[in-house]
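Here are the chains, one letter per residue:
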Amino acid sequence: MAEYIVAQEGEIPDGDRRLVQVHGREIGVFNLGGKYYALPNICIHQAGPLCTGRISGTLISNTDTNWKLQWGFEGEIVTCPWHALEFNITTGQCLAFPKRRLRSYTVKVEQGQIKLVL
Amino acid sequence: MISINTGDGRTESIRIIDVDVHVHENPKEMAPYCDMPWRKSLEMMEEEPGRYIDIPGFAPSLRLDPPFPGGATARKIFTAAQMREDLDSMGIDIGVLFPDHLLTLALLPNRDYAAAVARAYNAWLIDRWLRDNNGLRGALVAAPQDPVDAARQIERYAREPNIIGVYLPTAAVRPLYGDTWYDPLYQAAQSAGLPVLLHSVSVVHPNFPFNLQDFDTALARHTLAHPFSMIANMVSMITTGVPARFPNLKIAFCEAGISWVPFVMWRLDKEYTEQRRQIPFLEDKPSTYIRRFYYCTQPVEEPDDTHDFVSMLHLFGGEDSVMYASDWPHHDFDHPNKVLQLPLSLEAKRKLMGGNAAKLFNLQD
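Residues numbered from 1 in each chain as written. Chains lettered and ligands numbered in written order. Predicted model: local features only at pLDDT ≥ 70, side-chain atom pairs only at ≥ 80, totals over all residues. Heavy atoms only, no water.

*Asks:* Which residues make up the overall build of chain A, and what values do they have?
*Replies:* In terms of helices and strands, chain A carries zero helices and nine strands. Listing each helix as α and each strand as β along chain A from the N terminus yields β-β-β-β-β-β-β-β-β. Its C-alpha atoms give chain A a radius of gyration of 15 Å, within 12% of the compact-globule value 13 Å for 118 residues. Reported as C-alpha extents along the three principal axes, the dimensions of chain A are approximately 45 × 30 × 20 Å. For chain A, the residues scored as buried account for 45% of the 118 residues in total. Within chain A, counting contacts between residues at least 6 apart in sequence, those at least 24 apart form 45% of the total. As displayed, chain A offers around 6,000 Å² of accessible surface, 47% of which is attributable to carbon and sulfur atoms. In chain A, the 12 positive side-chain charges and the 11 negative ones have mean positions that sit 8 Å from each other. (Helix = DSSP H or I, 4+ residues; strand = E, 2+ residues; numbered from the N terminus. Rg over C-alpha atoms; globule rule 2.2 N^0.38 Å. Buried < 20%, exposed > 50% of the residue type's maximum accessible area, 1.4 Å probe, protein only. Contact = heavy atoms within 4.5 Å. Areas by Shrake-Rupley, 256 points an atom, 1.4 Å probe, with all protein chains shown as cover. Lys, Arg positive; Asp, Glu negative; His and termini not counted. Charge placed at Lys NZ, Arg CZ, Asp CG, Glu CD.)

*Asks:* Tell me about the nonpolar core, and please be specific about residues and values.
*Replies:* Residues and elements named next belong to chain B. One finds Met83, Leu97, Leu105 and Trp129 to be the most contacted residues of the largest nonpolar core, which totals 57 residues. Those elements giving two or more residues to this core turn out to be helix H2 (38-44), helix H3 (80-89), strand S4 (94-98), helix H4 (111-128), strand S5 (136-141), helix H5 (147-157), strand S6 (163-169) and helix H6 (183-192). Ranked by residues supplied to this core, first place goes to H4 with ten residues. Setting aside chain neighbours within four positions, we find Trp129 in contact with Val23, Ile77, Phe78, Thr79, Ala80, Met83, Leu97, Trp124, Asn134 and Leu136. Core analysis: the second largest hydrophobic core is formed by 51 residues, Met230, Met312, Leu313 and Val322 among them. (Core = buried A, V, L, I, M, F, W, Y, C linked by side-chain atoms within 4.5 Å.)

*Asks:* Tell me about the side chain of Arg137 of chain B, and name the residues and values.
*Replies:* Residue and element names in this part refer to chain B. One can find Arg137 in strand S5. Asp93 provides the closest opposite charge to the buried, unpaired Arg137, separated from it by 10 Å. Ignoring anything within four residues of it in the chain, the contact list for Arg137 reads Ile94, Gly95, Val96, Leu97, Leu130, Asn162 and Ile164. (Salt bridge = Lys/Arg side-chain N within 4 Å of Asp/Glu carboxyl O.)

*Asks:* Can you break down a nonpolar patch on the surface residue by residue, with the values?
*Replies:* On the surface, Ile2, Ile4 and Ile14 of chain B cluster together into a nonpolar patch covering about 190 Å² of accessible area. For Ile4 of chain B, the position within the fold is in strand S1 (residues 2-5). (Patch = residues over 30% accessible without salt bridge, like charges linked within 9 Å, V, L, I, M, F, W, Y side chains within 5 Å.)

*Asks:* Please give an account of the pairing of strand S7 (residues 196-199) of chain B that cites residues and values.
*Replies:* Residue and element names in this part refer to chain B. Of the strand pairs in this sheet, S6 and S7 are connected by four bridges, and their pairing is parallel. Note that in S7 the partner of Leu168 across the bridge is Leu198. In this fold, S6 hands off to H6, which returns the chain to S7; that crossover is right-handed. (Pairing = 2+ DSSP bridges. Right-handed = clockwise from strand over helix to strand, strands pointing away.)

*Asks:* Please provide a residue-by-residue account of the packing of aromatic side chains, values included.
*Replies:* Residue and element names in this part refer to chain B. In the structure shown here, the tally under the stated rule is 13 aromatic pairs over all chains. The interplanar angle of 50° and the centroid separation of 5.5 Å between the aromatic rings of Phe253 and Phe293 together place this pair among those described as tilted. Residue Phe253 is found in strand S8 (residues 252-253), and its partner Phe293 is found in the loop between helix H10 (286-290) and strand S9 (294-296); the two are separated by 40 residues along the sequence. Since its relative accessible area comes to 5%, Phe253 is described here as buried. (Phe/Tyr/Trp six-rings, centres within 6.5 Å; stacked < 30°, edge-to-face > 60°.)

*Asks:* With reference to specific residues and values, describe the interface of chain A and chain B.
*Replies:* Listed per partner, the contact involves 23 residues of chain A and 20 residues of chain B. Carbon and sulfur atoms supply 59% of the area that chain A and chain B bury against each other, a total of about 1,900 Å² over both sides. Sorting the residues of chain A by area buried against chain B places Arg54, Leu59 and Trp67 of chain A first, and these three jointly supply 28% of that buried surface. Summed over the shared surface of chain A and chain B, the result is one salt bridge. Here Glu86 of chain A makes a salt bridge to Arg276 of chain B, at a shortest N to O gap of 2.9 Å. Between chain A and chain B we count six residue pairs in polar contact (both at pLDDT 80 or more) in total. Where the side of chain A that touches chain B is concerned, the elements lending two or more residues are strand S5 (54-60) and strand S6 (70-79) of chain A. If you tally residues by element for the side of chain A that touches chain B, the top one is S5 of chain A, at five residues. Each residue belonging to the side of chain A that touches chain B can be placed in one class, and the counts come to 14 nonpolar, seven polar and two charged. (Buried area = accessible area lost by both parts, 1.4 Å probe. Polar contact = N/O pair within 3.5 Å; in protein donor to acceptor, adjacent residues only side chain to side chain. Nonpolar A, V, L, I, M, F, W, Y, C, P; charged D, E, K, R; others polar.)

*Asks:* Account for the pattern of salt bridges, with residues named and values stated.
*Replies:* All names here are of chain A. Counting across every chain of the model gives 17 salt bridges over all chains. Lys108 is the salt-bridge partner of Glu3, the closest N and O atoms lying 2.4 Å from each other. With Glu3 in strand S1 (residues 3-8) and Lys108 in strand S8 (residues 106-110), the pair connects residues that are 105 residues apart, well separated along the chain. Of the residues examined, Glu3 reaches a relative accessible area of 40% and is grouped as partly exposed. Notably, a salt bridge pairs Arg18 with Glu11, separated by 3.1 Å at the nearest N-O pair. Owing to a relative accessible area of 40%, Glu11 belongs among the partly exposed residues under this scheme. Linked by salt bridges that have partners in common, Glu3, Lys108, Glu110 and Lys115 make up one network.

*Asks:* Residues and numbers for the confidence of the model for chain A, please.
*Replies:* Do not read the predicted coordinates in detail wherever pLDDT is low. Taken over all residues, the pLDDT of chain A has a mean of 96, while the share at 70 or more is 100%. Mean pLDDT values over the elements of chain A span from 94, in S5 of chain A, up to 98, in strand S4 (residues 35-40) of chain A. (pLDDT = per-residue confidence, 0-100.)

*Asks:* Break down the packing of H4 of chain B against H5 of chain B for me, citing the residues and quoting the values.
*Replies:* Residue and element names in this part refer to chain B. Where H4 meets H5, the closest approach of the two axes is 10 Å, and the angle between their N-to-C directions is 15°. Between H4 and H5, the interaxial angle falls into the category roughly parallel. Between H4 and H5 the crossing geometry is right-handed. Listed contacts from H5 to Ala115, Ala118, Arg119, Asn122, Ala123 and Ile126 of H4 are Asp149, Gln153 and Tyr157. For the contact of H4 with H5, the class distribution of residues is five nonpolar, two polar and two charged. (Axes fitted to C-alpha atoms, helices over the stretch in contact; angles between N-to-C directions. Parallel < 35°, antiparallel > 145°, perpendicular 65-115°, else oblique. Left-handed = near helix turned anticlockwise from the far one by under 90°.)

Here it is in structure tokens:
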């Protein structure tokens, strides 16, 4: 395991992301309310640059909502710009396919530095 | 060019031809190429906001739903240079250009205007997109409202080096493209050696699919009536979440054969990948649910190679969901032997000829 400094705290605005190249991999580092998450910038569908997509919420409909559409997960969903496949940033879970989850990388914040652990 | 592995340790470059890419034409760009008086119409539309693909100032696709919250944004390509750059990034050597807005051209009720817009597009496309020898090729737009004028366009541009085909706007076209109304267009394309390319777009409209009433043979009606009805209703049930809301409800589809099942299953899965958020009540892709439905064989497909039927069953797990049906005494009944003769395992025959039905209906031995 190695740690890579990818940004200084404050450089990635809340609700935004930065693309970094680490060890030959392109990784999106997301800031969600001061917590950081990192996902590979390669979509499981057609290898699109998923981390560059819109960060938003998504629609939910199930027995809990009495099958009505509700907006949820505001700010936690990234949508691949190629074909709109959605992923939960905090878990890497693909919303369309329950069995598909992106690998997620550990992010540490130490002394004002944001570090990726690979 | 894209390098592919030949399988014996070498790589080989292959040329990539992309038969369908879209330019974003807009009224302002096309106006100078348009004949009067319709040039005025295009000029008047210049500032009107256009929804992607809908002709500005006109909403022929009858999309009455709002943009769904969230999702990705639409891409548009405004210049040849931008198209070239994008195609290069994907390793595509040659791209065949089609329009965006004019995908709905067939719905324009004004014949003279539709033909004028098609002429303007063709002149604009050749002048602005096809002048450089940059790997871009174009399809002429044929206005179905005026096949004689389309034929003249084909004759006029047949020798343009970068025009390589004729695009037939197919969304809600009326009459359908089998009508002799279009013969002048076909004659011109055949003489010019240009292929015609049918291309539809997401339009459901009083013209389509209702214009199937124009079929003038029982054969044509019977070919599509049963499977189209099943497809429409399966799509409806999946996209409204019936199997999610009623997880223990058993559903069977009868008298449409079965070859439509893998087709609609894969179409729905493809749509789901991109637009899942519109049907978030599904917990998995549509095929997961479709594989749980039941299907009747009749009128059973009769491919030359009966192994193809078995392959088709395999595509959607049909060994566990397809049930023999005769439709006796109707004209297109199937004798049990027709299904028994298929090159299926004994176990599969037991299932198709009764086992699956017994499961559906909870019938004991």
